[in-house]
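Below, each chain spelled out in residue letters.
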Amino acid sequence: MEAALGLMRRMPPKHTETALSALLSLLPHHSSDLLSQVLRDIESGKEFILCEYNRDADSYRSPWSNKYHPLLEDGALPSVELRKLEVEANDIFAIYRDQYYEGGISSVYMWEDDNEGFVGCFLIKKDGSKTGQGRRGYLQEGAWDAIHVIEVGPEEEGTAHYRLTSTVMLSLTTDNESSGTFSLSGSIRRQMDMNLSVAEGHLCNMGRMIEEMESKLRNSLDQVYFGKTKEMVCTLRPPSEVVMRLPDS
């Protein structure tokens, strides 16, 4: 497990998703440890998600206080203008997460890129276990990790190009008398490109894209993972036939 975490810390950001999927296949029983971790910001008292996008050396930047934990004096920080957008995005995304996920933790990080634009990373982590955070938890173990990375190009004639890459990682385990023990884990990744007007602001455009993408990903997971699993279970163990008897006349 220590070797796996060490590997993830040293992977370039563009290869982390591939490496994580491979490690989840090799170490399914350590899925909760491999998926994104959480740290509490001492200054604000709020939790934030640790990932490659807010890491500098061995420290992680909090989106709430804009400070690194552990303290890092020369850590990379977004510009003043981008930091204002990041703060607003975290407040809005927290409302979105609470309405759609009924709990969990969200974090948004932004930074400048080399093409005179910027990149935003929107993260959601939901623990669906009985002992996890949130208002609903029925699973013995369960985790939903969503990673949305949006590359925003420079504005040209009132429009900007948005490229959204979304990854959802799901793992769950049930353990009760009615269904027995059952484990399921997997990931799905999709990409979307759009040219949109910036009249309403970048956050409106990014929010709509993320909302649309998450709806598509949830439907895909429902059809691929749960639909196929149900089909296989019903094929291997068909439900017993129920004989209906009419009452005597």
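Going by the structure above, here's the rest.
Values in this document were obtained by computation on a predicted structure and should not be read as measured data. (Residues numbered from 1 in each chain as written. Predicted model: local features only at pLDDT ≥ 70, side-chain atom pairs only at ≥ 80, totals over all residues. Heavy atoms only, no water.)

## A short note on the packing of helix α4 (residues 80–101) against helix α5 (residues 202–236)
- As a packed pair, α4 and α5 sit with axes 11 Å apart at the nearest point and diverge in direction by 30°. In terms of orientation, α4 and α5 fall into the roughly parallel class. You can see that α4 and α5 cross each other, and the crossing is right-handed. Each of Leu85, Glu88, Ala89, Ile92, Phe93, Tyr96, Tyr100 and Tyr101 in α4 lies in contact with α5, whose residues at this interface are Leu203, Ile210, Glu211, Glu214 and Arg218.
- Grouping the amino acids of the contact of α4 with α5 by side-chain chemistry returns 9 nonpolar, no polar and 4 charged. (Axes fitted to C-alpha atoms, helices over the stretch in contact; angles between N-to-C directions. Helix = DSSP H or I, 4+ residues; strand = E, 2+ residues; numbered from the N terminus. Parallel < 35°, antiparallel > 145°, perpendicular 65-115°, else oblique. Left-handed = near helix turned anticlockwise from the far one by under 90°. Contact = heavy atoms within 4.5 Å. Nonpolar A, V, L, I, M, F, W, Y, C, P; charged D, E, K, R; others polar.)

## Things to note about the sheet that holds strand β5 (residues 68–69)
- The strand order β3-β4-β5 describes an open sheet built from 3 strands, whose pairing is antiparallel. The open sheet has two edge strands with one neighbour each: β3 (55–56) and β5.
- Direction of pairing for β3 relative to strand β4 (residues 59–61): antiparallel, over a ladder of 2 bridges. Its bridge partner lying in β4, aspartate 56 is registered against serine 59. (Pairing = 2+ DSSP bridges.)

## As for the pairing of strand β9 (residues 159–176)
- For β9, the buried fraction is high: 13 of the 18 residues fall into the buried class.
- In the sheet, strand β8 (residues 141–152) pairs with β9 via 12 bridges, with the strands oriented antiparallel. Of the residues in β9, the one forming a bridge with glycine 142 is leucine 172.
- Sheet analysis places β9 next to strand β10 (residues 180–197), joined by 18 bridges and oriented antiparallel. Residue pairing for β10: threonine 159 is matched across the bridge by serine 197. (Buried < 20%, exposed > 50% of the residue type's maximum accessible area, 1.4 Å probe, protein only.)

## Focus: the sheet that holds β9
- One open sheet holds the 5 strands; their spatial order is β6-β7-β8-β9-β10, and the pairing between them is antiparallel. Looking at strand neighbours, the two that pair on one side only are β6 (105–112) and β10, the edges of this open sheet. Taken over all neighbouring pairs, the strand axes of this sheet differ in orientation by 10° on average, direction set aside.
- Its contacts with the sheet put α4 on β6, β7 (118–127) and β8, and the angle it makes with β6 is roughly 155°.
- Most of the contacts of α5 go to β10, to which it runs at about 145°, and overall it touches β6, β7, β8, β9 and β10.

## Re the nonpolar core
- Counting residues in each nonpolar core, the largest one holds 33 residues, and the members touching the most others are Met110, Phe122, Ile150, Tyr162 and Met206.
- Among the elements of the structure, α4, β6, β7, β8, β9, β10 and α5 are those that each provide at least two residues to this core.
- For this core, the element with the highest residue contribution is α5, accounting for 7 residues.
- Beyond its immediate chain neighbours, meaning those up to four positions away, methionine 110 contacts Arg61, Pro78, Leu82, Leu85, Glu86, Ala89, Phe118, Val119, Gly120, Phe122, Leu203 and Met206.
- Membership of the second largest hydrophobic core comes to 13 residues, among which are Phe48, Leu50, Ile105 and Ile147. (Core = buried A, V, L, I, M, F, W, Y, C linked by side-chain atoms within 4.5 Å.)

Everything listed here is a matter of geometry and, on its own, says nothing about what the molecule does.
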